[in-house]
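# Descriptive analysis of the structure
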Amino acid sequence: MTDILTLVFRTFIPQTGLTKDFKLICPSKTNCSTLVVGDHSISRSLLLLAAVTAASELGMKVLFFTQTQIQSLPVSLQNCFPNLSPDSLKKIKFSYPRTVEELLQQVACLHESASTPPTPPSLIIVDRLEGYLRGPGGGSHTGFHQGEQSCAAHVSALLCDTAAFLTQVLEQRASSSAPCRVIASFQAEPEVGHGGGEPSAPDPVLAVLDRYFQVRCTLDRDRSYGATAAGLQEVWHIFLSGTGITEAACAEGGEDKHPGVAQEWQLAIFPNGSMEFTLV
């Protein structure tokens with residue numbers, strides 16, 4: 001959820017970077033899903049940052065779905081967490097469904113396993129949704145297989161329904177980790193124009209996902225000369241948008257309805273792999 005992402009940003013903000021009044025977004029029972037949209041190379045790092053931060057800083061159990069085996073944390077993340085406790089990593093469970101059918105089955109099984117100990121996860125992460133939604137020819141220029149929009153709706157609905165169910169379980173067990181959040185990443189198809197000066201068509205699958213994920217976290221790489229001249233390996237702009245952004249900022253009783261939350265951040269990646277977030 002956005003409260004997890006903003007905690008990540010705040011954790012890795014430089015001492016001189018916090019120049020504005022900053023508030024975390026409170027988790028809401030009805031607003032616990034965030035879609036990270038952008039290049040998978042940076043979105044995966046952001047998902048792993050969220051997983052490790054949630055486990056180490058908040059003590060949350062995390063379930064991380066991905067098609068790619070993760071043998072160890074990337075060097076960049078190891079630099080971010082030099083004193084990371086092995087017990088924190090034990091709170092993160094990596095699962096490797098290969099197809100969308102396997103993903104749906106494993107997510108659905110969370111409804112059954114939640115009725116027995118141990119405590120269910122309070123953060124579900126899905127890496128590269130497009131990898132599950134694409135058919136066998138997903139690497140070709142034809143993009144998603146037929147029926148991809150209904151498939152995206154099915155996966156999204158199950159994820160949100162499962163998060164709502166696990167929230168009830170966590171609350172019944174008086175867990176401080178409630179509610180259960182969902183964060184997924186998605187790399188949209190490049191927008192293609194139809195010629196004749198017509199505007200390019202947006203990704204139809206992304207439009208479906210936006211109906212289920214209340215917050216979108218868009219990653220946009222800064223390729224300007226200024227970013228290169230600053231001696232940085234990469235600079236990314238991070239934009240938070242969607243209906244969930246207008247949820248109450250953290251306040252006593254959760255009744256502060258002012259949407260005074262950070263909506264734009266900048267991520268600087270240094271040559272040694274270290275990362276810094278700056279509130280824009």
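Residues numbered from 1 in each chain as written. Predicted model: local features only at pLDDT ≥ 70, side-chain atom pairs only at ≥ 80, totals over all residues. Heavy atoms only, no water.

### Describing the side chain of Thr 66
With respect to the secondary-structure elements, Thr 66 resides in the loop between strand S2 (62-65) and helix H3 (75-80). Here Thr 66 falls in the buried class, since its relative accessible area comes to 1%. Here Arg 44 takes part through its side chain, which lies 2.7 Å from a polar atom of the side chain of Thr 66. Side-chain polar atoms of Thr 66 contact the side chain of Asp 127, separated by 2.9 Å. Discounting residues that sit within four places of it in the chain, Thr 66 has contacts with Arg 44, Ser 95, Tyr 96, Pro 97, Asp 127 and Tyr 132. (Helix = DSSP H or I, 4+ residues; strand = E, 2+ residues; numbered from the N terminus. Buried < 20%, exposed > 50% of the residue type's maximum accessible area, 1.4 Å probe, protein only. Polar contact = N/O pair within 3.5 Å; in protein donor to acceptor, adjacent residues only side chain to side chain. Contact = heavy atoms within 4.5 Å.)

### Some remarks on empty space enclosed by the protein
Over the atoms, a rolling probe the size of a water molecule traces out where space has been left empty. The full count for this structure, using the stated rule, is one cavity of 30 Å³ or more. Volume-wise, the largest cavity comes out at about 30 Å³. What lines the largest cavity is simply Ile 42, Ser 45, Leu 46, Leu 49, Leu 267, Met 275 and Phe 277. No other element matches the four residues that helix H2 (residues 40-57) contributes to the lining of the largest cavity. Residues that form the lining of the largest cavity fall into these classes: six nonpolar, one polar and no charged. (1 Å grid on protein atoms, 1.4 Å probe; cavity = no way out; pocket = protein on both sides within 12 Å on 5 of 7 lines; lining within 4 Å. Points joined across faces, edges and corners; volume = space filled by probe spheres on them. Nonpolar A, V, L, I, M, F, W, Y, C, P; charged D, E, K, R; others polar.)

### Topic: the sheet that holds strand S1 (residues 33-37)
Pairing is mixed in the open sheet, where nine strands are placed in the order S3-S2-S4-S5-S1-S6-S7-S8-S9. Of all the strands in the sheet, the pair left with one neighbour each is strand S3 (92-95) and strand S9 (275-279). Neighbour-to-neighbour, the strand axes of the sheet open up by a mean angle of 20 degrees, direction not taken into account. Packed onto the sheet, helix H5 (residues 100-113) meets S2, S3 and strand S4 (123-126) and runs at close to 165 degrees relative to S2. Contacts between helix H8 (residues 204-212) and the sheet are confined to S1, strand S5 (181-186) and strand S6 (215-221), with S1 contributing the most and set at about 155 degrees to the helix. (Pairing = 2+ DSSP bridges. Axes fitted to C-alpha atoms, helices over the stretch in contact; angles between N-to-C directions.)

### With respect to the pairing of S6
Here S1 pairs with S6 via four bridges, running parallel. Looking across to S6, one finds that Val 36 is bridged to Cys 217. Across six bridges, S6 lies against strand S7 (residues 234-241) in antiparallel orientation. By the bridge assignment for S7, Arg 221 is matched with Trp 236.

### Comments concerning the packing of helix H7 (residues 148-172) against H8
The contact between H7 and H8 brings their axes to 9 Å, and the two run at 20 degrees. Between H7 and H8, the interaxial angle falls into the category roughly parallel. Crossing of H7 over H8 shows right-handed handedness. Each of Glu 148, Gln 149, Ala 152, Ala 153, Ser 156, Ala 157 and Cys 160 in H7 lies in contact with H8, whose residues at this interface are Pro 204, Val 205, Val 208, Leu 209 and Tyr 212. For the contact of H7 with H8, the residue count by class is nine nonpolar, two polar and one charged. (Parallel < 35°, antiparallel > 145°, perpendicular 65-115°, else oblique. Left-handed = near helix turned anticlockwise from the far one by under 90°.)

### Thoughts on a positive patch on the surface
Taken together, the side chains of Lys 61, Lys 91, Lys 93 and Arg 173 define a basic patch exposed on the protein surface. With respect to the helices, strands and loops of the structure, Lys 61 is situated in the loop between H2 and S2. (Patch = residues over 30% accessible without salt bridge, like charges linked within 9 Å, V, L, I, M, F, W, Y side chains within 5 Å. Areas by Shrake-Rupley, 256 points an atom, 1.4 Å probe, with all protein chains shown as cover. Salt bridge = Lys/Arg side-chain N within 4 Å of Asp/Glu carboxyl O. Lys, Arg positive; Asp, Glu negative; His and termini not counted. Charge placed at Lys NZ, Arg CZ, Asp CG, Glu CD.)

### Topic: the nonpolar core
Core analysis: the largest hydrophobic core is formed by 42 residues, its most contacted members being Phe 9, Leu 49, Ile 183 and Phe 277. If one sorts the elements of this core by residue count, H2 sits on top with 10 residues. Leu 103, Val 107, Cys 151 and Val 205 belong to the second-largest nonpolar core, a separate cluster that totals 33 residues. (Core = buried A, V, L, I, M, F, W, Y, C linked by side-chain atoms within 4.5 Å.)

### Brief notes about H5
Here H5 spans 20 Å end to end across 14 residues, near enough to the 20 Å set by a 1.5 Å rise per residue. Along H5, the residues that are buried comprise Val 100, Leu 103, Leu 104, Val 107 and Leu 110. Viewed along the axis of H5, the buried residues span an arc of 105 degrees, placing them on a single side of the element. Across H5 from its buried face, at more than 90 degrees, point the exposed residues Glu 101, Gln 105 and Glu 112. Contacts made by the buried residues of H5 are with S2, S4, helix H6 (129-133) and H7. (Expected span 1.5 Å × (residues − 1). Arc of directions from axis to C-beta.)

### What about the environment of Val 75?
Position of Val 75 among the secondary structure elements: in helix H3. When its relative accessible area of 56% is taken as the criterion, Val 75 is described as exposed. Here the alpha-carbon distance between Val 75 and Ser 274, two residues 199 residues apart in the chain, equals 8.6 Å.

### A short note on the packing of aromatic side chains
Applying the stated rule across the entire model yields three aromatic pairs. Seen in terms of ring centroids, Phe 9 and Trp 265 are 5.1 Å apart; in terms of plane orientation they differ by 50 degrees. Their pairing is tilted. Of this pair, Phe 9 sits in helix H1 (residues 2-11) while Trp 265 sits in strand S8 (residues 264-269), placing them 256 residues apart in sequence. Its relative accessible area of 0% is what places Trp 265 among the buried residues. Between the aromatic rings of Phe 64 and Phe 94, the centroid separation amounts to 5.2 Å while the plane-to-plane angle is 50 degrees, which identifies the pairing as tilted. You can see Phe 64 sitting in strand S2 and its partner Phe 94 sitting in strand S3, a full 30 residues away along the chain. For Phe 64, a relative accessible area of 0% corresponds to the buried category. For Phe 94, a relative accessible area of 27% corresponds to the partly exposed category. Through pairs of rings, three or more aromatic residues link up here, namely Phe 9, Trp 265 and Phe 277. (Phe/Tyr/Trp six-rings, centres within 6.5 Å; stacked < 30°, edge-to-face > 60°.)

This is a description of form; function is not addressed.
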